[in-house]
Amino acid sequence: MSVAGKLSLEVAVESLPLAKPFRISGHVFTHSDLVVVTLSDGVHSGRGEASGVYYLGDNVPEMLQAIEAVRPEIERGIDRAGLQTLMPAGGARNALDCAFWELEAKQTGRSVWDIAGFETSRPLLTTMTLGADSPEVMAEGATVGYAQARALKLKLTGDLEDDIARVRAVRAARPDCWIGVDANQGYGIADLPALVEVLVEADVKLLEQPLRRGAEADLDGFSCPIPIAADESVLTLADVPGLVGRFNVVNIKLDKCGGLTEGLAMARKARELGLGVMVGNMVSTSLAMAPAYVVGQLCDVVDLDGPIFLAKDREPSIVYEDGYVRCPDNVWGRDA
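Remember, predicted model here, so these are calculated numbers, not experimental data.

### Brief notes about the overall build of the protein chain
For the protein chain, the count of helices and strands is 10 helices and 14 strands. In terms of C-alpha radius of gyration, the protein chain reaches 20 Å, essentially the compact-globule figure of 20 Å for 336 residues. Taking the principal axes of its C-alpha atoms as reference, the protein chain extends roughly 60 × 40 × 40 Å. With the model as given, the accessible surface of the protein chain reaches about 13,600 Å², and the carbon-plus-sulfur share is 51%.

Below, the structure written as structure tokens:
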């Protein structure tokens, strides 16, 4: 863990416009509001970024309030382990936890990869996400906008007829791609068999969060030939065991679970329980993608395309090339 001692804490708020509106079930996003924290021991500094979890009311004012509430304890000099008990999961802890990771790397002269238990990193095949739109627009996005993509994730809305048309149009346009769909809680169990039938027909490989959070028991006894991933239904490590028998894949997002520390623990626990592992993201910059990229080293499915939706990313930034994402050492988490 990071070297003990007094710390200074800086907190900034940024509102970054999206390149164009992004639609999912029940929401349209036009910008991303972010909290960025910097921890410094006077010599070294570490940074972390969070956007919170919109469907939990975990927004910028809530994150700022949570951070300020623990400022005295942070600045007196706790470490990353202490942070886990000091704060609950959520965006505020995520920003601080990731800042502690980078600070620790610089203080100790070790790489983040070494601290996390990896020898090195590897480029990751990542999905590129198509926001819910008309079938024609989504098909065009799959071919023109994402011509280099090898994996696509389609946002659905819960309108069965429209969603079927979306899936079929994108599959026809991109017969070569791995395709997953994300319903963002848009369906009820009654309509799920009809949706799944079309997904099988279109060779869709993953169905993410079809039912609303709280309706997980409706999946008891539901036979699905496509793996079902839990997103809104799994927030933290404590939620993982309850997914067994209902879901096949755990979607880990650092804003949900409260940082890289818990994200890695979730990935390893899911593996122990025989569940697949996915890493996802909120719409954020490369500063937020870099810690998630560490979790991605343990994952079967990687969805780290958040920065491509922004009008402008940070520099230096992660790199998207030939359907893969890689994170250069100078983006985040460098050692001394």
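### Brief notes about the sheet that holds strand E4 (residues 124-125)
Pairing between sheet strands relies on hydrogen bonds along the backbone, with the strands arranged either parallel or antiparallel. Across the sheet, three strands lie side by side as E4-E14-E13; this open sheet has antiparallel pairing. The open sheet has two edge strands, E4 and strand E13 (319-321), and neither has a second partner. Sheet analysis places E4 next to strand E14 (residues 324-326), joined by two bridges and oriented antiparallel. Bridging across to E14, Leu125 finds its partner in Tyr324.

### A word on the sheet that holds strand E2 (residues 27-40)
Here we have three strands laid out as an open sheet, ordered E1-E2-E3, and antiparallel in their pairing. The open sheet has two edge strands with one neighbour each: strand E1 (8-24) and strand E3 (45-50). Looking at each pair of strands side by side, their axes are set apart by 20 degrees on average, direction ignored.

### Observations regarding the packing of aromatic side chains
Enumeration over the complete set of coordinates arrives at five aromatic pairs. Summarising the aromatic geometry, the rings of Phe22 and Phe309 are spaced 4.7 Å apart at their centres and angled 55 degrees between planes, so their arrangement reads as tilted. Of this pair, Phe22 sits in strand E1 while Phe309 sits in the loop between strand E12 (301-302) and E13; the two residues are 287 residues apart in sequence, bridging distant segments of the chain. Here the aromatic cluster, defined as three or more aromatic residues joined through ring pairs, consists of Phe29, Tyr54 and Tyr55. If you follow Arg80 out to its NZ or CZ, it ends over the ring of Trp101, 3.9 Å from the centre.

Conventions we followed
Residues numbered from 1 in each chain as written. Predicted model: local features only at pLDDT ≥ 70, side-chain atom pairs only at ≥ 80, totals over all residues. Heavy atoms only, no water. Helix = DSSP H or I, 4+ residues; strand = E, 2+ residues; numbered from the N terminus. Rg over C-alpha atoms; globule rule 2.2 N^0.38 Å. Areas by Shrake-Rupley, 256 points an atom, 1.4 Å probe, with all protein chains shown as cover. Pairing = 2+ DSSP bridges. Axes fitted to C-alpha atoms, helices over the stretch in contact; angles between N-to-C directions. Phe/Tyr/Trp six-rings, centres within 6.5 Å; stacked < 30°, edge-to-face > 60°. Lys NZ or Arg CZ within 6 Å of the ring centre and 35° of its normal.

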